[in-house]
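# Geometric and topological summary
Here is how the chains run, residue by residue.
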Amino acid sequence: MRLPPALRPRRTTHAQAQAEAQEGPHAEPSAAPAGRRFIDFPRHGRRGLRRWTPSWKLTSGLAALSAVSLGGAFAAVYTQVEIPGAHDSARRQATVYYWADGSRMVSVGDVNRQDVTLAQVPVSVQRAVIAAENADFYSDAGVSFTGIARAAKSVVEGKETQGGSTITQQYVKNTYLTQDQTVSRKVKELVLALKVSNSKSKREILEGYLNTSWFGRDSYGVQAAAYAYYGVPAKDLNPSQAALLATLLKGADSYDPSLGPANHRRAVERWNWVLDRQVETGVMSAAERARHKDFPEPKKPVKPTSQAGQTGYLVDIANKYLKSRGGITGKDLAHGGYRIHTTFEKDRVDALAEAVEKVRKDGLDPKKRAADRHVEVGAASVRPEDGAVVAVYGGADAITHFSNNADTSGVPAGSAFKPFVYAATLEPVTAGARGPAVTGERGQGEPGLSVAVPVPVPTFAGMPLVEAMTGTSHTPFVEAGKKIGLRNVKRMAVSAGLREESMAKLEPTFSIGTSTPSAVRLASAYTTFVNEGNQTEPYSVTKVERDGVPVDGFAKPERRRAMSDAVAARVSGALLNTGWSALDAKRADGADGATSDASRGPVWAGATNAGDYMRSAWFIGSTRKLSTAVAMFRTKPDAPQLLGMQGVGGPDSERGNVFPVRIWETYQRMVGPAPSDRRADPLRPTEEAAPGTRGRGGPEETHEPTET
């Protein structure tokens, strides 16, 4: 009987049998190769996954080949790249700022740098810098390959560049290269750092680094920085001051303590870290560290004379916008070559300054009244159409008064904050009516204000909020905040354009204006009510060029919906009433500057009043063409808190509240629209207004209480 083929024994030769015995019972069958391959991949004689798994010989060979190739390429680059000549600071171009009409405002660009030898730099400064920036400076090869890889990865991924460069690399970047953040520049930095490390001593490199580093305040090098921050030469710096200068190397824009409370907190934290780091690295004893507990406050910054008057404040606001929108740093600006076109209008800037000085001169007498001393004014004008900041008043002179009062965040808004509380109470009520607005009557002839479906007026503590808006009672707003939730009030204020960081602690008084927005932000936020609930981020720069090449990121901000048009219309009606009430009251008192109708036309206004005890006085008046916020307050350099406003301008000044509105009217007469006939103005509240209404600026309001 013949067996099936599968069961028949396989015939093998003696050689085949010996080979199979050597390979074992689990060896895979293979066919003889037609010819020997140089690279055995896919692997011959293997099946499945093993066929496509490289052998260790192939893997190690490819790794060695890659290393040799990269080494050869790096050697070629290393031999070809020559150390260039150091930057010539005299060739640096100035940065030029332009007015809105294209004329030149100011040119900034003198390089403040004074080179010193390393022997003139205290050892404490050297140790602080090394501990903070590159602890193994004296033992490293001049480069950090991990730092290079991390920075290159960030550039490729389009992320913010990472730190990690050695002192040698930073010296090379400061001295021989641009500040561009590109992979090619980073590779060149690596090669040059190696070459410099091989050609210069560590002391020469450290000296060069200390003389070329950016410390802020227009200061290049430790000598210029010592004068800018402490008014002494570098040789006289003490270890505590040295730690602060080392702190500034991380970024003066974020760590100069004079630039704001957040900067101050970061500076103190980093300063402590630098001192502790010196103890960790063994260059400072714990006993010496214990002697440095008090933070070495630097002196106030000083602006160059070219930025006298309001110019320095305008440059300050433009620079902040550049940094927030385009990522341009103070160090970038110091390198020069920028052409910055702003939104500032010279005639309005001059008019605002003239109005402030006139009202101050007429109403304040610091020589005779102690309460009139230390009075400060901040003001800003924003164009409702698109959010452009067209004018600011930051103080008497940017050279002598460094803080920008127009952009400060430390003056409580008081009752000027109440419109946002009112809007927050209305939003839930009108949420169901946010469809197409009822457009049969658009503000009785005033274009642009949609009239929403009539809804009950929010009433708190027995008083409708629309009436409380023009009164001095705070209780309805405190109750409103409790009822709807302070987080909702805050959300509405931020949505309207106020900065979240200027918002106060959420406690019962939050609703009566303990938050501290700037004049720029309040002027901008009030345009939200004028623009039917649409908000546009305030901007101050329209175009930026560097060396003739446009810089991206400075298109006009787009409008966004901040609240429903129904809510905006309702609050607008209350603000129109406030405007007429405040302006008519100033005419009644016969105050100079409040007797002209040149500012007439609808005015959406908010203001503090004599019932506020916030140590500030505000008036914000918005027309269709211009929204201007004016703040008055008292402050002393050595006083941590604002001074009281009692008695400012005499006993009849209502705690100084008469002055912001006088400044607004004086300014508005210079730049505002032509007079209009008050009798024919349909938006003026009248005694003949229909029952259940408050003028014609908003929808009909019924007075049935809905909240108590």
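Just above, that's the structure.
Residues numbered from 1 in each chain as written. Predicted model: local features only at pLDDT ≥ 70, side-chain atom pairs only at ≥ 80, totals over all residues. Heavy atoms only, no water.

## Here we look at the overall build of the chain
Within the chain, the regular secondary structure consists of 22 helices and 18 strands. Looking at the chain as a whole, 50% of its 708 residues are labelled buried. Put simply, of all contacts in the chain between residues at least 6 apart along the chain, 70% involve residues at least 24 apart. Total accessible area on the chain is roughly 33,600 Å²; 52% of this is exposed by carbon and sulfur atoms. (Helix = DSSP H or I, 4+ residues; strand = E, 2+ residues; numbered from the N terminus. Buried < 20%, exposed > 50% of the residue type's maximum accessible area, 1.4 Å probe, protein only. Contact = heavy atoms within 4.5 Å. Areas by Shrake-Rupley, 256 points an atom, 1.4 Å probe, with all protein chains shown as cover.)

## Details of the side chain of Ser616
For Ser616, the position within the fold is in the loop between β15 (604-607) and β16 (617-622). Looking at Ser616, its side chain comes within polar contact range of the main-chain oxygen of Pro412, at 2.7 Å. For Ser616, the contacting residues outside a window of four places in its chain are Val411, Pro412, Thr608, Met632, Met645 and Asn657. (Polar contact = N/O pair within 3.5 Å; in protein donor to acceptor, adjacent residues only side chain to side chain.)

## Details of the packing of helix α8 (residues 222-230) against helix α9 (residues 239-248)
At their nearest, the axes of α8 and α9 sit 11 Å apart, and the two run at 110 degrees to each other. Judged by the angle between their axes, α8 and α9 are roughly perpendicular. With respect to the hand of their crossing, α8 and α9 are arranged in right-handed fashion. Residues Val222, Ala225, Ala226, Tyr229 and Tyr230 of α8 form the contact with α9, whose own contacting residues are Gln241, Leu244, Leu245 and Leu248. In terms of residue class, the contact of α8 with α9 is built from eight nonpolar, one polar and no charged. (Axes fitted to C-alpha atoms, helices over the stretch in contact; angles between N-to-C directions. Parallel < 35°, antiparallel > 145°, perpendicular 65-115°, else oblique. Left-handed = near helix turned anticlockwise from the far one by under 90°. Nonpolar A, V, L, I, M, F, W, Y, C, P; charged D, E, K, R; others polar.)

## Structural notes on the packing of aromatic side chains
One pair of aromatic rings is described through two measures. These are the centre distance and the angle between the planes. Across all of its chains, the model carries 10 aromatic pairs by this definition. Between Phe417 and Phe420, the aromatic rings sit 5.6 Å apart at their centres with planes inclined by 55 degrees, giving tilted as the arrangement. Like Phe420, Phe417 is buried. On the basis of an interplanar angle of 75 degrees and a centroid distance of 5.5 Å, the ring pair of Phe417 and Phe510 is categorised as edge-to-face. (Phe/Tyr/Trp six-rings, centres within 6.5 Å; stacked < 30°, edge-to-face > 60°.)

## Re helix α18 (residues 475-484)
Taken as a whole, α18 has its buried residues at Pro476, Phe477, Val478, Ala480, Gly481 and Ile484. Looking one or two residues past α18, Gly485 carries a phi angle of roughly 100 degrees, positive in sign.

## Observations concerning the packing of helix α3 (residues 123-133) against α9
Each packed pair of helices is defined by two parameters, the angle between the axes and the distance between the axes. Their axes nearest at 8 Å, the elements α3 and α9 cross at an angle of 35 degrees. By crossing handedness, the relation of α3 to α9 is classed as right-handed. Contact with α3, carried on its side by Ser124, Val125, Ala128, Val129, Ala132 and Glu133, involves Pro239, Ala242, Ala243 and Ala246 of α9 and no other residues of that element. Classifying every residue of the contact of α3 with α9 by side-chain character gives eight nonpolar, one polar and one charged.

## Quick look at the pairing of strand β17 (residues 627-634)
Most of β17 sits inside the fold, with eight of its eight residues counted as buried. In β17, alternate side chains face the same way, and those of Ser627, Ala629, Ala631 and Phe633 on one face and Thr628, Val630, Met632 and Arg634 on the other are all buried. Pairing of strand β6 (residues 375-382) with β17 involves eight bridges; the strand directions are antiparallel. Each residue of the ladder has a partner; that of Val375, found in β17, is Arg634. Across six bridges, β16 lies against β17 in antiparallel orientation. Note on β17: the bridge partner recorded for Phe619 is Val630. Connecting the antiparallel pair β16 and β17 is a turn made up of four residues. (Pairing = 2+ DSSP bridges.)

## As for unusual backbone geometry
A positive phi angle is found at His374, which is not glycine, with a value near 65 degrees. Summarising the element assignment, His374 is placed in the loop between α15 (346-363) and β6. Even without being a glycine, Glu654 presents a positive backbone phi close to 55 degrees.

## Regarding the pattern of salt bridges
What the rule picks out here adds up to 18 salt bridges. Put simply, Asp350 and Lys346 hold a salt bridge, and the shortest N to O gap is 2.9 Å. Highlighted residues: Asp350 and Lys346, both in helix α15, separated by four residues, approximately one helical turn. Overlapping salt bridges bring together Glu345, Arg348, Arg383, Asp386 and Lys556 as one network. (Salt bridge = Lys/Arg side-chain N within 4 Å of Asp/Glu carboxyl O.)

## A word on the side chain of His401
By the element assignment, His401 lies in the loop between β7 (389-393) and α16 (418-430). Within the local environment of His401, its side chain forms a polar contact with the side chain of Asn405, the two groups lying 3.1 Å apart. Residues within four places of His401 in sequence aside, it is in contact with Tyr313, Glu376, Gly394 and Gly395.

## Examining α15
Each full turn of the α-helix corresponds to 3.6 residues, which orients residues three or four apart in the same direction. End to end, α15 covers 26 Å across 18 residues, agreeing with the expected 26 Å (1.5 Å per residue, within 8%). Listed in full, the buried residues belonging to α15 are Arg348, Val349, Ala351, Leu352, Ala353, Ala355, Val356, Val359 and Gly363. Residues of α15 that are buried in the fold lie against α13 (311-326), β6, β7 and α22 (658-671). (Expected span 1.5 Å × (residues − 1).)

## Observations regarding the sheet that holds β7
Read across the sheet, five strands follow the order β7-β6-β17-β16-β15 without closing on themselves; strand pairing throughout is antiparallel. The open sheet has two free edges, formed respectively by β7 and β15, since each of these has just one partner strand. Neighbour to neighbour, the strand axes of the sheet diverge by 5 degrees on average, direction disregarded. One ladder, built from four bridges, connects β15 with β16; its direction is antiparallel. Considered in β16, the bridge of Gly606 is made with Ile620. Against the sheet, α15 engages β6 and β7, with an angle of about 30 degrees to β7.

## Overview of the nonpolar core
Generally speaking, a soluble globular protein has its nonpolar side chains buried in company with each other. Phe417, Phe420, Leu522 and Trp618 are the most contacted members of the largest nonpolar core, which has 110 residues in total. Of all hydrophobic cores here, the second largest spans 50 residues; its members include Ile167, Ile205, Tyr209 and Leu244. (Core = buried A, V, L, I, M, F, W, Y, C linked by side-chain atoms within 4.5 Å.)

## Some points on the sheet that holds strand β2 (residues 104-108)
The strand order across the open sheet built from five strands is β2-β1-β5-β12-β13, with neighbouring strands paired in mixed fashion. Of all the strands in the sheet, the pair left with one neighbour each is β2 and β13 (549-550). As paired strands, strand β1 (residues 95-98) and β2 are joined by four bridges and run antiparallel to one another. Residue pairing in the sheet places Tyr97 in a bridge with Val106 of β2.

## Observations concerning the environment of Glu537
You can see Glu537 is positioned in the loop between β11 (534-535) and β12 (541-546). As for Glu537 and Ala388, which are separated by 149 residues in sequence, their C-alpha atoms are 8.5 Å apart. The contacts of Glu537, once residues within four sequence positions are left out, are Gly387, Arg521 and Pro557. At 2.6 Å, the side chain of Glu537 forms a polar contact with the side chain of Arg521.

That is the geometry; function is a separate question.
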